[in-house]
Amino acid sequence: MAGTSDRHYQPDTSSDTEDYADDRRRKVFKTRLRPRTLVNPSVQAKAVQLGMPLQSPQQLGPAPSEDRITLVVDSTRFVVDPALFVAHPNTMLGRMFSSALDTHSNERGEYEVADGIPASVFRAILEFYKGGVIKCPPSISVQELREACDYLLVPFDASTVRCQNLRGLLHELSNEGARCQFEVFLEELILPLMVNSAQRGDRECHIVVLLDDDTVDWDEEYPPQMGEEYSQTVNSTAMYRFFKYIENRDVAKQVLKDRGLKKIRLGIEGYPTYKEKVKKRPGGRSEVIYNYVQRPFIHMSWEKEEAKSRHVDFQCVKSKSVTNLAEATADPALELDARGNPIHTAIIGDRVPADMPNLDNEEGAVGGIPELFPANSLPPDDPNM
């Protein structure tokens, strides 16, 4: 008994009871780590959909390492299960690793994807494939995350993104909402007015957005003198409120640019609604005063040959001016006669050269050099001088 009590209190030894407890704990731990043999019906259906063989229940446990793929994003490697992407076929990665597309890997068997997206942003987007929600880290801007989601075709909305920066999140959501809303305005209200301008032969359109209760009453005898008669109007209080924000005007301008239009201008201008009074000026001239209201406007053009329509064609005439400096400073070319002698040009007031040959008796010559001032043509001398 004494030996037994000594064995229990020695710190460097362990009793049979302690050894049994340690063995039991190790068995329980191994049992917990062992994969389950029960087959989950949802997992089984997913495996059948992906074409995975079901030879034994153990194959439905953790995926083997050879089934995983390596993605290279911004020189960073991510080892993931391609089944995560196949479960979201509408995304870019889901389309890449589906059976319908043939995705090529590099010499190491890795897939280089998401070119231009930082690794930290891609790591946050991977959470969407695992849990359906993206948690935007504080180190990543919401705009950067939004651009990455647009590139990877991952939905970006209030149900899929969680962000501490609510201002940045709501700003991106407003941009998407403004884009969708302006598409509706463009198809239902703006496009018919553009078609009316095109049917008249115009290649640009100026539209003023009025309120639903705005009335336009112009005097036919005294219309406005600011050129508003060429403008078209649309009564829509909803569109008026939409263009109240500068960010919405920027979104609308980008939408029009994406649709192929140019010379796009959006802003707010004064528009005459009705005649207030008529003033008589000296001389009988009348001056009309209209009531102006500040309303948004849209101006766009679909002119295809803009540069050619305003070009003026000039006839090409060969220039006689001397453009060569050496030619301008050189002596002029001499004209030669039939014998090769230079022909001198006589100028009034110049003396006749002494070495000029006498052509009076030359054969074939008619007369000589005429006298510049014949004697009989000179006036008589004044005796007083």
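Notes on the structure in this doc start here. From a predicted model like this one, the values you see are computed outputs, not experimental measurements.

Here is what the cut-offs are and how they apply
Residues numbered from 1 in each chain as written. Predicted model: local features only at pLDDT ≥ 70, side-chain atom pairs only at ≥ 80, totals over all residues. Heavy atoms only, no water. Helix = DSSP H or I, 4+ residues; strand = E, 2+ residues; numbered from the N terminus. Contact = heavy atoms within 4.5 Å. Areas by Shrake-Rupley, 256 points an atom, 1.4 Å probe, with all protein chains shown as cover. Core = buried A, V, L, I, M, F, W, Y, C linked by side-chain atoms within 4.5 Å. Buried < 20%, exposed > 50% of the residue type's maximum accessible area, 1.4 Å probe, protein only. Pairing = 2+ DSSP bridges. Axes fitted to C-alpha atoms, helices over the stretch in contact; angles between N-to-C directions. Parallel < 35°, antiparallel > 145°, perpendicular 65-115°, else oblique. Left-handed = near helix turned anticlockwise from the far one by under 90°. Nonpolar A, V, L, I, M, F, W, Y, C, P; charged D, E, K, R; others polar. Salt bridge = Lys/Arg side-chain N within 4 Å of Asp/Glu carboxyl O.

**Looking at the overall build of the chain**
Line of reasoning, step 1. Counting secondary structure elements, the chain contains twelve helices and nine strands.
Line of reasoning, step 2. Counted over contacts in the chain with a minimum sequence separation of 6, partners at least 24 positions apart contribute 62%.
Line of reasoning, step 3. Within the structure as shown, the chain displays about 28800 Å² of accessible surface, and the carbon and sulfur contribution to it stands at 52%.

**Some thoughts on the nonpolar core**
Line of reasoning, step 1. In terms of nonpolar packing, the biggest core is built from 35 residues, with L71, F85, L93, F122, I125 and L145 touching the most fellow members.
Line of reasoning, step 2. For this core, the secondary structure elements donating two or more residues are β1 (69-73), β2 (76-80), α5 (92-96), α6 (119-131), β4 (134-136), α7 (142-152) and β5 (161-163).
Line of reasoning, step 3. Ranked by residue count, the leading element in this core is α6, at eight residues.
Line of reasoning, step 4. When residues no more than four places from it in sequence are discounted, the contact partners of L93 are F85, V113, F122 and Y129.
Line of reasoning, step 5. Counting residues in each nonpolar core, the second largest holds 22 residues, with L186, C205, V209 and F242 among its members.

**Observations concerning the sheet that holds strand β9 (residues 286-301)**
Line of reasoning, step 1. If you walk across this open sheet you meet the four strands as β7-β6-β9-β8, and the pairing is mixed. In this open sheet, the two strands that pair with only one neighbour each are β7 (232-235) and β8 (262-280). The sheet shows a mean angle of 40 degrees between the axes of neighbouring strands, taken without regard to direction.
Line of reasoning, step 2. The sheet strands contacting helix α10 (residues 246-258) are β8 and β9, and the helix crosses β8 at an angle near 115 degrees.

**A few points about the packing of α6 against α7**
Line of reasoning, step 1. Where α6 meets α7, the axes come as close as 10 Å, and the angle between the chain directions of the two elements is 65 degrees. As far as their axial angle goes, α7 and α6 are roughly perpendicular. As for the relative orientation of α6 and α7, their crossing is right-handed in sense. Of α7, the residues touching α6 (which contributes V121, F122 and I125) are E144, L145, A148, C149 and L152.
Line of reasoning, step 2. Looking at side-chain class alone, the contact of α6 with α7 contains seven nonpolar, no polar and one charged residues.

**A word on the pairing of β8**
Line of reasoning, step 1. As paired elements, β8 and β9 share 15 bridges and run antiparallel to each other. When the bridges of β9 are listed, E269 appears paired with R295.
Line of reasoning, step 2. Taking the residues between adjacent antiparallel strands as the criterion, β8 and β9 are bridged by five residues, where G283 takes a positive phi near 95 degrees.

**Points about the pattern of salt bridges**
Line of reasoning, step 1. Counted by the stated rule, this structure contains eleven salt bridges.
Line of reasoning, step 2. We note a salt bridge from R146 to E172, for which the minimum N-O separation is 3.9 Å. Of this pair, R146 sits in helix α7 while E172 sits in helix α8 (residues 166-199); the two residues are 26 residues apart in sequence, bridging distant segments of the chain. Each member of the pair, R146 together with E172, is buried.
Line of reasoning, step 3. Because the salt bridges share partners, they merge into one network encompassing R146, D150, E172 and E176.

**Some remarks on the packing of α8 against α10**
Line of reasoning, step 1. Interhelical geometry of α8 versus α10 gives an angle of 55 degrees and a closest axis separation of 9 Å. By the angle between their directions, the pair α8 and α10 is classed as oblique. Where α8 crosses over α10, the handedness of that crossing is right-handed. In contact with H171, N175, A178, R179, F182, E183 and L186 of α8, α10 contributes E247, N248, V251, A252, Q254, V255, L256 and D258.
Line of reasoning, step 2. Counted by class, the contact of α8 with α10 contains seven nonpolar, four polar and four charged residues.

**Here we look at the sheet that holds β1**
Line of reasoning, step 1. Across the sheet, three strands lie side by side as β2-β1-β3; this open sheet has mixed pairing. Since the sheet does not close on itself, it has two edges, and those belong to β2 and β3 (111-112), each with one partner.
Line of reasoning, step 2. Pairing of β1 with β2 involves five bridges; the strand directions are antiparallel. Within β2, the position partnered with V72 by the bridge is R77.

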